[in-house]
Amino acid sequence: MLRKKVDVFVFFTCKTMIVIICFVLFANSIVTANNIQNIDSTDSKGLYYFKKAKEAIEMEDFESALNFHLKAIPFLVSEKKAETYCEVYIELSVLYHQKKELNKALDFGLLAKQTIEEEIGKNSHLYGICLYNLGTYYFDKRNIEKALIYEKEAVNHLENSNSEPETQADILNNLALTQEIIGDYTGAISNIEKALRYQFEIYGPINHETAWSYYSLGVIYLSKKEYLRATTNFLKNYRILKQLGKNGIEVNDVKLINVFQRLANSYQYMKYSDSTEYYLAKALDLQKEDNSYRKYLSYEVKAKLLSSQNQIEKAKYIANEAIRLAKISFNDFNKHPVIARQYTHLAEIFQQNNELDSAVTYFHKAFLFLAHDFEEEDVYKNPKAEQCFPEIKVIRSLKGKARALYLRYQQSKDQRDLIASLETYELTHDFIGRLKQDISTMGSKQQLAGDVLDVYEGAIETAIALYEATGDQQYLEKGLFFAEANKAILLLESINERMAQEASGIPDSLLEKEKQYRVDIAYYERSINEENNKKGEPDVDNIKKWGDLLYRLKREYQQLVDQFEEEYPRYFQLKYDTRLATLGDIRSQMLDRKTAFLEYFVGLDKIFLFQITKKDFQVFSLNKPAGFKTDINQALQWARTQQISDEQAAELDQLLHRLYIDYMAIALKQLPATINRLFIIPDDLFNTIPFEILFTTQPKPGKKSHYLIHDFNIGYAYSATLFKTSQQRQRKVANKGFLGFAPSFSTEVAELRSCSGSILANLINSQNEITSIQQLMGGDVLMGNQANRDFFLEQAPHYKIIHLATHACMDEENAMQSKVFFADEPIINQELFNLQLSADLAVLSACNTGSGQLVTGDGVMSLSKGFVHAGCPSALMSLWSVDDYSTSQIMINFYKYLKKGQTKDQAIRQAKLDFLGSADKVRQHPFFWAAFVQMGDPIALQLGGNIGNGWWIGLIGLLGLIAAMYWRRSREETCC
C-alpha cells in the first residue's frame, strides 16, 4: 500500500527554531521555513557539521547530508547538546529511509526514541515525530503490528501536544492505511474523515493533500467491498488531480497510476468491463518499463479481466507476469504479502479451470511468501498463524489452499488432501482470531465475521467429509467447533472483556475511568443520532462539535484499553479467551435426558444442522435453496401482520409446513420419544422467526392447526459458547424480587407496543399487566410518570426480575441506538450495554425487542442483547410489534407458571397454549401469541416463599440425586 511519508519534520534547538524541512516522498519537493545562509565561526564542531548537513539537504545532496550528520554525532554528544543530536538521529533515520536502507533507518529511529525518553522527555514535540517515523519504517518492513502501535501513539502524542494540523492529518492518513491492512475499516474511515476536516480547513478542496485522502478513503471502501463508494472517492481524487494540472501544479505519474489502477479495480468488481479496460489502459500507458511503479497490480487486474472472459491461458500468462513484476518491485524483501497475493491469484485461475494439482501447488507457493521462517515445499505442511503477516488479505490465500485441497480430494479420494484441508481451515481460524485482537471497532469486526462466512462453511463441510470417510466422531466435533466459531462474536467478546476487567486486578479508579468513557461515548452518539433524525434541519455546528468530542473520546478510550492489555496480562488472557463450547460442555450444561440441542449454521450455499442429545450426536447437511430468504421473509411478514386474508392464511400454513420439512423434520424424526424440549441455536434468518409456529403436519382445510409448540418446550440461545460463558460469569445476587415498569405517554391509546415516529400512545393493558403480576410475585411496580429512566438506572441493578411493559423502537441502521421508552426519556441499546444488572430474567414486554439489524456472524443486534450483556442470563423478547391485549394475557399467565416452579421455556409455552386454547379464530393467528421467545438460561427461578409447589420439585430432585449416588456407589463396590 502506498502511503504518504513525511521524511524530515519540524525540529527545534535549545535557543531557537533552526529550520523546518519537510521531504514528501513521491512529491520531489523540499519546503524550508528558515534557510540557513551563514555558518557562525564560533560554532562548535558538532553544530558546524549539523549546519553543513542542513545546507546539503537544502541542495538536495542527501548523501553529503548523511555524511555530515554522522560526523556531527560524536561532537554533539560530547558537547551534551541532547536536543540537537536527537534531531540528527531522526534526520539520519529519514535519510536512510530515503536510500531504502530500512534496517539502518529503524536503528536510528529507535536510538532517537530512546534518547529523547532518557534525556529530553516524552512531552517533547520531537517524540511525536519520532513515533510517526517509526510507524512508517515498521510499515515499510511489513511489521504491521508494531506500525499500528507507534502510529496510534503518535496520533495521541501529536494531538495532545497541539502540533500542526498538517502533521496530524498526515499521521491520521498513515494510521488509516495501516488499519485498512488489518481490516479495521471503521477505524480507518473515521481517521481519514478527521484528516479531511483538517485539510479542508488548511488547504481547501483542491490540493494534493485532500486528493490523497480521497484516494485513501477509496482504498478502504474497496477493501470493505463497498465498490460504489470506493469509485466515488477515486473519481473525486482524479477530478482534483486534473484540476491541479489545469492550474499549472505538477501531478506526477505515480498519483495518476494509483487512481487509474484503483478505478479499473473498482469497475471490475462492479462488472463494468468497458470502464475497467479504459482505466487499465490509462495506467499501462504510464507503465512502459518492467520496473515501472506498481506495474504488477495492472497485470493482476488484466489477468482477472481475461479470466472473467474465459481466456484462461492468456490469464495464466499475465498472472505469471504479475508474479515476476511483483518480485521486481519487492526485490529487497525475501517475503512479501503482495507477492503471495499474485501466486494466490494464479492458483485461483487454475482452480477455476479445475486444474486442482496446479491450484494446490500455487496456493502453497503463496504460503512461502506470506509466512516468516516457513520454507516447507511439501503442500501438506503449513506455517503457524503467528508466522503469517497480520494482514486481512492473507485470509484469501489460506482459505484458497484449504478449498483447493478439499476439491482435489473429491477427485483423488486421498485422505491426506482432506486432512490437510481441515488443518488449513484450522490455521485460517487461528489467523482470524489473531487479526481480531488488533481490530478495535465493532463495525470492522462485524465486517470480518461476514467476510469469513465461507471459511467456516468450508471447514464444516470438510469436517463432515472426514467423518464420513473415517467414522471418527472427533471430526463431527470439529464441525461443531467451526459452527460455534462465528456466532454471537461481538457479544461474546464484549462479555469476555467485562469479565476480564473484573478478574484481572485493574484498579477501581481505572475501571471507573473506563466506565465513564463508555457512558460519555454513548451520550454523544445518542446526541448525534437524535440531532440527525429530528424534524427540520439538523444543527450542523452541534453535530461537528459532538463528532470531534466523540472522536477524541473513542481514541482515549482505546488508549486506555490498550493500557489494560499491556499492563495487566491476566486481562489480555481473559479478554481473548477463545475456548469454544465443546460437545461435553453442551451435554453437561445445556441438556438433560428430555432435551435435544439443535444448532444451525447457515452458509452461502449450505445449511448445517447439529443435533445433540445425551446419547446421540448427528450433523445434517441441508440444501440452501434459492428461495431460502424469500420463504422466511414471507412467512415472517404474514406472521407479524395482524390481519391477513383467508387465502394468505392458507398459504402461510403451507409455507410454515414446508419450512419445517426443509429445515427441521429430518432431525426431529430421529429423536427418541422421551424428548420434550428443544434448545435451539438459530443462525442468519432463522433468528427472525419463532420455531414454535412451524407446522408439523400437512395443513388441511378445516383441520385444527398443529404447531411445533404443541409438541415441545422451546428455548433459544445466541450460541452454546455464550451460554457457557454466562454460566461462568460472576454476578451479584439480587436482594430484591420483581420490578415492573408501565410508563404512560399521552391520552391516546395504542393497540400495539410499538412506536411511530415521535408519537407514543398509552398502553391501556400495560398497567393491568404489571399490577396483576405484582399480585402473583410481590415486588415493586412503577407506573405512569413514576416509571422514568433515572429510577430504572438506579434501581434495576438490585432486582431478580425486571419487567418492562412499554414501547420500544428499533434502529435498523444503527442497532446500538435502538430504544426502550420510559415516561420521560428512552434508554438506548448502547446504554444498556454499559449497565451491570444482577437480574436472573429480563422480560421485555414491548415490540421488536428481539429483532433488529441482522449481522452475519453475530445474529440480530437486538435490545435483548443489551440486557444479556448487562448481566441477565435469560430474556423474554419479542420478534415483532405485539398486540397490547394478548401480550398482557400471555405475560400474566407466564408468571403464573413461573411461580409454580416451571422452567422459563415451559412457562412461556404453557402461557401461549392457554391463549391458543381460548382464542377465537382471528386470535389463533401467530401475530397474537407467537412473538415472544425465551432466550438464554431456561432454568426455573428460585423465588423464595413465592415459589408455590416448586419446592417439592426441588426436594424430589434432591432425593433422586442422593438415591442415584447411593445406587452408583453400590454398583462400584460390587462390580469388581
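Residues numbered from 1 in each chain as written. Predicted model: local features only at pLDDT ≥ 70, side-chain atom pairs only at ≥ 80, totals over all residues. Heavy atoms only, no water.

Each helix and strand in the chain was counted, giving 38 helices and 21 strands. For the chain, whose C-alpha radius of gyration is 32 Å, the value lies close to the compact-globule estimate of 30 Å for 976 residues. Counting only C-alpha atoms and orienting by the principal axes, one finds that the chain spans roughly 100 × 70 × 70 Å. Counting only contacts in the chain whose residues sit at least 6 apart along the sequence, the fraction spanning at least 24 positions is 71%. Roughly 41100 Å² of accessible area belongs to the chain as shown, and the carbon and sulfur atoms make up 49% of that amount. (Helix = DSSP H or I, 4+ residues; strand = E, 2+ residues; numbered from the N terminus. Rg over C-alpha atoms; globule rule 2.2 N^0.38 Å. Contact = heavy atoms within 4.5 Å. Areas by Shrake-Rupley, 256 points an atom, 1.4 Å probe, with all protein chains shown as cover.)

Reading across from one edge, β14-β15-β16 is the order of the 3 strands in this open sheet, with antiparallel pairing throughout. Lying at the two open borders of the sheet, with one neighbouring strand each, are β14 (808-809) and β16 (827-828). Judged from the 2 bridges that link them, β14 and strand β15 (residues 819-820) form a sheet pairing that is antiparallel. Along β15, the bridge assignment pairs Ala-808 with Val-820. (Pairing = 2+ DSSP bridges.)

Right, let's talk about the side chain of Thr-903 for a bit. Mapping Thr-903 onto the fold places it in the loop between α35 (884-899) and α36 (904-918). Of note is the side chain of Thr-903, whose polar atom sits 2.6 Å from the side chain of Asp-905. Setting aside its immediate chain neighbours within four residues, Thr-903 contacts Arg-677, Leu-898, Pro-938, Ile-939 and Ala-940. (Polar contact = N/O pair within 3.5 Å; in protein donor to acceptor, adjacent residues only side chain to side chain.)

Once that is clear, we can look at the nonpolar core. As a rule of thumb, soluble globular proteins bury nonpolar side chains together. Within the largest apolar cluster, 173 residues are counted, with the highest numbers of intra-cluster contacts made by Leu-370, Ile-395 and Met-590. The contacts of Ile-395, once residues within four sequence positions are left out, are Gly-400, Thr-428, Phe-431, Ile-432, Leu-435, Leu-448, Val-452 and Val-455. In terms of nonpolar packing, the next biggest core, distinct from the first, is built from 92 residues, Leu-668, Ile-693, Ile-770 and Ala-911 among them. (Core = buried A, V, L, I, M, F, W, Y, C linked by side-chain atoms within 4.5 Å. Buried < 20%, exposed > 50% of the residue type's maximum accessible area, 1.4 Å probe, protein only.)

Let us look at a positive patch on the surface. Judged by side-chain charge, Lys-236, Arg-239, Lys-242 and Lys-246 come together as a positively charged surface patch. For Lys-246, the location among the structural elements is in helix α10 (residues 227-246). The class of Lys-246 is exposed, set by a relative accessible area of 70%. (Patch = residues over 30% accessible without salt bridge, like charges linked within 9 Å, V, L, I, M, F, W, Y side chains within 5 Å. Salt bridge = Lys/Arg side-chain N within 4 Å of Asp/Glu carboxyl O. Lys, Arg positive; Asp, Glu negative; His and termini not counted. Charge placed at Lys NZ, Arg CZ, Asp CG, Glu CD.)

Moving on, we get to the pairing of strand β5 (residues 606-612). In terms of burial, β5 is a largely internal element, 6 of the 7 residues being buried. Once strand β4 (residues 595-602) ends, the chain turns through 3 residues before running back antiparallel as β5. Taken together, the 7 bridges between β5 and strand β6 (residues 617-623) define a ladder with antiparallel strand orientation. Pairing of Gln-611 across the sheet is with Gln-618, part of β6.

With that settled, consider the packing of helix α4 (residues 102-120) against helix α5 (residues 125-140). In a pair of packed helices, the angle between the axes and the distance between the axes together describe the arrangement. At their nearest, the axes of α4 and α5 sit 9 Å apart, and the two run at 155° to each other. By the criterion of interaxial angle, the relationship of α4 to α5 is roughly antiparallel. Taken as a pair, α4 and α5 cross one another with a handedness that is left-handed. Between α4, through Leu-102, Ala-105, Leu-106, Gly-109, Leu-110, Ala-112, Lys-113, Ile-116, Glu-117 and Ile-120, and α5, the contact on the second element is made entirely by Leu-126, Tyr-127, Cys-130, Leu-131, Leu-134, Tyr-137, Tyr-138 and Asp-140. Of the residues belonging to the contact of α4 with α5, the class tally is 14 nonpolar, 1 polar and 3 charged. (Axes fitted to C-alpha atoms, helices over the stretch in contact; angles between N-to-C directions. Parallel < 35°, antiparallel > 145°, perpendicular 65-115°, else oblique. Left-handed = near helix turned anticlockwise from the far one by under 90°. Nonpolar A, V, L, I, M, F, W, Y, C, P; charged D, E, K, R; others polar.)

The subject of this paragraph is the environment of Ile-149. Tracing the chain through its elements places Ile-149 in helix α6 (residues 144-160). Its relative accessible area of 52% is what places Ile-149 among the exposed residues. Residues Ile-149 and Thr-887 lie 738 residues apart in sequence; the distance between their C-alpha atoms is 52 Å.

The end-to-end C-alpha distance of helix α27 (residues 628-639) is 17 Å, a good match for the 16 Å that 12 residues give at a rise of 1.5 Å each. Taken together, the buried positions of α27 are Phe-628, Asp-631, Ile-632, Ala-635, Leu-636, Trp-638 and Ala-639. The inward-facing, buried residues of α27 contact β4, β5, α28 (646-663) and α37 (926-929). (Expected span 1.5 Å × (residues − 1).)

Turning our attention to unusual backbone geometry. Backbone geometry at Asn-354 places phi at a positive 60°, although glycine is not the residue there. Here Asn-354 is to be found in the loop between α15 (337-352) and α16 (356-370). Using a relative accessible area of 48% as the deciding quantity, one classes Asn-354 as partly exposed. Phi angles above zero are rare outside glycine, and Asp-373 is one such case at about 55°. When its relative accessible area of 73% is taken as the criterion, Asp-373 is described as exposed.

Below, the discussion takes up helix α9 (residues 208-223). Here α9 spans 23 Å end to end across 16 residues, near enough to the 22 Å set by a 1.5 Å rise per residue. Counting buried positions along α9 gives 15 out of 16 residues, so the element sits mostly inside the fold. Capping the start of α9 is the job of one residue whose side-chain oxygen sits 2.8 Å from the backbone nitrogen of Glu-209: Asn-207. Two residues or fewer after α9 comes Lys-225, characterised by a positive phi angle close to 70°.

The N-to-C vectors of α9 and α10 enclose an angle of 160°; their axes lie 7 Å apart at closest approach. Relative to α10, the element α9 is oriented roughly antiparallel. As for the relative orientation of α9 and α10, their crossing is left-handed in sense. Along the contact surface, α9 presents His-208, Thr-210, Ala-211, Trp-212, Tyr-214, Tyr-215, Leu-217, Gly-218, Val-219, Tyr-221 and Leu-222, while α10 presents Tyr-227, Arg-229, Ala-230, Asn-233, Phe-234, Lys-236, Asn-237, Ile-240, Leu-241 and Leu-244. For the contact of α9 with α10, the per-class residue count stands at 14 nonpolar, 5 polar and 2 charged.

Counted residue by residue, strand β7 (residues 677-681) has 5 buried out of 5 residues, so it is predominantly covered. On β7, burial covers both faces: Arg-677, Phe-679 and Ile-681 on one face and Leu-678 and Ile-680 on the other are all buried. Pairing analysis gives 5 bridges linking β4 to β7, with the strands arranged parallel. Paired with Leu-598 across the two strands is Ile-680, which belongs to β7. With 4 bridges joining them, β7 and strand β8 (residues 713-716) adopt parallel strand pairing. Bridge pairing in β8 places Ile-680 opposite Tyr-716.

Of all residues in the chain, 91% attain a pLDDT of 70 or more, and the chain-wide mean is 87. Considering only residues more than four positions removed or in separate chains, one finds that residues 945-976, a stretch of pLDDT under 50, has 11 contacts. (pLDDT = per-residue confidence, 0-100.)

Under the defined criterion, the tally for this structure stands at 51 salt bridges. Linking Asp-577 and Arg-579 is a salt bridge whose minimum nitrogen-to-oxygen distance equals 2.6 Å. With a relative accessible area of 24%, Asp-577 lands in the partly exposed category. Between Arg-677 and Asp-905 there is a salt bridge, with the nearest N and O atoms lying 2.7 Å from each other. With a gap of 228 residues between them, Arg-677 in strand β7 and Asp-905 in helix α36 connect regions that are remote in the sequence. Of the residues examined, Arg-677 reaches a relative accessible area of 13% and is grouped as buried. Sharing partners across several salt bridges, the network here consists of Arg-526, Glu-530, Arg-789, Glu-825 and Glu-831.

Counted under the stated rule, the structure contains 47 aromatic pairs. Arranged with centres 5.9 Å apart and planes meeting at 5°, the rings of Tyr-267 and Tyr-279 form a pair that is stacked. Pair noted here: Tyr-267 is in helix α11 (residues 253-269) and Tyr-279 is in helix α12 (residues 273-285), with a separation of 12 residues, a long-range link. Judged on exposure class, the residue Tyr-267 and its partner Tyr-279 are both buried. Taking the centre distance of 6.3 Å and the plane angle of 20° together, the rings of Tyr-343 and Tyr-362 count as stacked. A residue pair is termed long-range when its members are at least 10 positions apart, and Tyr-343 in helix α15 and Tyr-362 in helix α16 qualify at 19 residues. An aromatic cluster is defined as three or more aromatic residues linked by ring pairs; in this entry it consists of Tyr-238, Phe-260, Tyr-267, Tyr-272, Tyr-278 and Tyr-279. In this structure, Arg-142 is placed above the aromatic ring of Phe-139, and the distance from its NZ or CZ to the ring centre is 5.6 Å. Looking at Lys-865, its charged tip hangs above the ring of Tyr-718, at a distance of 4.9 Å from the centre. (Phe/Tyr/Trp six-rings, centres within 6.5 Å; stacked < 30°, edge-to-face > 60°. Lys NZ or Arg CZ within 6 Å of the ring centre and 35° of its normal.)

Let us now look at the side chain of Glu-91. For Glu-91, the position within the fold is in helix α3 (residues 82-98). Side chain to side chain, Glu-91 and His-69 meet in a polar contact 2.6 Å long.

Glancing now at the environment of Phe-867. Turning to its location among the elements, Phe-867 is positioned in helix α34 (residues 863-870). For Phe-867, a relative accessible area of 1% translates into the label buried. Separated by 25 residues in sequence, Phe-867 and Ala-842 have C-alpha atoms that sit 7.0 Å apart. Every residue in contact with Phe-867, bar those within four places of it in the chain, is listed here: Phe-792, Leu-804, Leu-832, Leu-837, Ala-842, Leu-844 and Cys-872.

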